[in-house]
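Observations on the model geometry
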Amino acid sequence: MSARPKLRLVVLISGRGSNLQAILDQAASGELPVAIAAVISNRPGVQGLERARQAGVPASELDHRQFPDRPAFEAALIELIDRHRPDLVVLAGFMRVLTPRFTDHYLGRLLNIHPSLLPKFRGLHTHERAIAAGETEHGASIHFVTAELDGGPVIVQARVPVLPGDDPDTLAARVLEQEHRLYPQAIRWFAEGRLHLKGEQVWFDGRPLPGPLRLADVIDGL
Ligand code: GAR
């Protein structure tokens, strides 16, 4: 048994929470050495909150519409998150733009999953845009969050083919399946102390990462 205490995780969501579910499942099975301290949604009543409660994890709502502006919402969000003393905060389908005040506060301990092969297709409607652009490959990325929207250093990516006849929904489903493997893997590395942000650079196993890791290489042990 490792003497390392379990990583304390706070997960931020805005909706369905299928990535949250993948993290909850791996934490419950012991594959992921984390303690999920809290799940917080900026949208009341979403499915992800129910998933957290089913797993016995404290779930709270902080409705951004109840605040006069973005800084006021973020100040309350920081206070709520920090009550749980997280080692790592993960954005799992959290659909709010964050200001530097927030991203600086958690710099180096804030991860996001984005449904594209960053730096391609930052922002919304990534599957639709990948198809429209005629991409033959698409995927998802895990990155450290910095002040630049979807612009922080990328840690690991999962790739899927874009197939003839794909529409945004079929492509999204193919990507999502990979997302559910991708996020737990990145969190595991962080929990094991293998992953760090130094300046604008991702460090992995004590070395600067020349480019994003590829999930297939990691899983297949290449
Ligand atoms: C996921 O596809 C995630 O990559 C995406 O939202 C979905 C959330 O699904 N995130 C973003 O677009 C962030 N800009 P989930 O709630 O079922 O995990």
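Overview of the structure. If you're wondering where the values come from, they're calculated on a predicted model, not measured in any experiment. (Residues numbered from 1 in each chain as written. Predicted model: local features only at pLDDT ≥ 70, side-chain atom pairs only at ≥ 80, totals over all residues. Heavy atoms only, no water.)

Quick notes on the pattern of salt bridges
- Summed over the entire model, instances satisfying the criterion amount to 8 salt bridges.
- Note that K120 is salt-bridged to E135, the shortest N-O span being 3.0 Å. Here K120, found in the loop between β5 (110-114) and α5 (126-132), pairs with E135, found in the loop between α5 and β6 (137-144); they are 15 residues apart in sequence, far enough to count as distant.
- Taking relative accessible area as the criterion, K120 reaches 40% and is therefore assigned partly exposed.
- For E135, a relative accessible area of 19% translates into the label buried.
- Across the pair R159 and E137 runs a salt bridge whose closest N-O atoms are separated by 2.9 Å. Placement of R159 in strand β7 (residues 154-161) and of E137 in strand β6 is noted, with a sequence separation of 22 residues between them.
- With a relative accessible area of 32%, R159 lands in the partly exposed category.
- Look at E137 and you get partly exposed, because its relative accessible area is 33%. (Salt bridge = Lys/Arg side-chain N within 4 Å of Asp/Glu carboxyl O. Helix = DSSP H or I, 4+ residues; strand = E, 2+ residues; numbered from the N terminus. Buried < 20%, exposed > 50% of the residue type's maximum accessible area, 1.4 Å probe, protein only.)

What to know about the environment of P33
- Positionally, P33 belongs in the loop between α1 (18-29) and β2 (34-41).
- The class for P33 is partly exposed, based on a relative accessible area of 30%.
- Along the backbone, P33 and F190 are 157 residues apart, and their C-alpha atoms lie at a distance of 10.0 Å.
- Beyond its immediate chain neighbours, meaning those up to four positions away, P33 contacts K6, L7, R188 and A191. (Contact = heavy atoms within 4.5 Å.)

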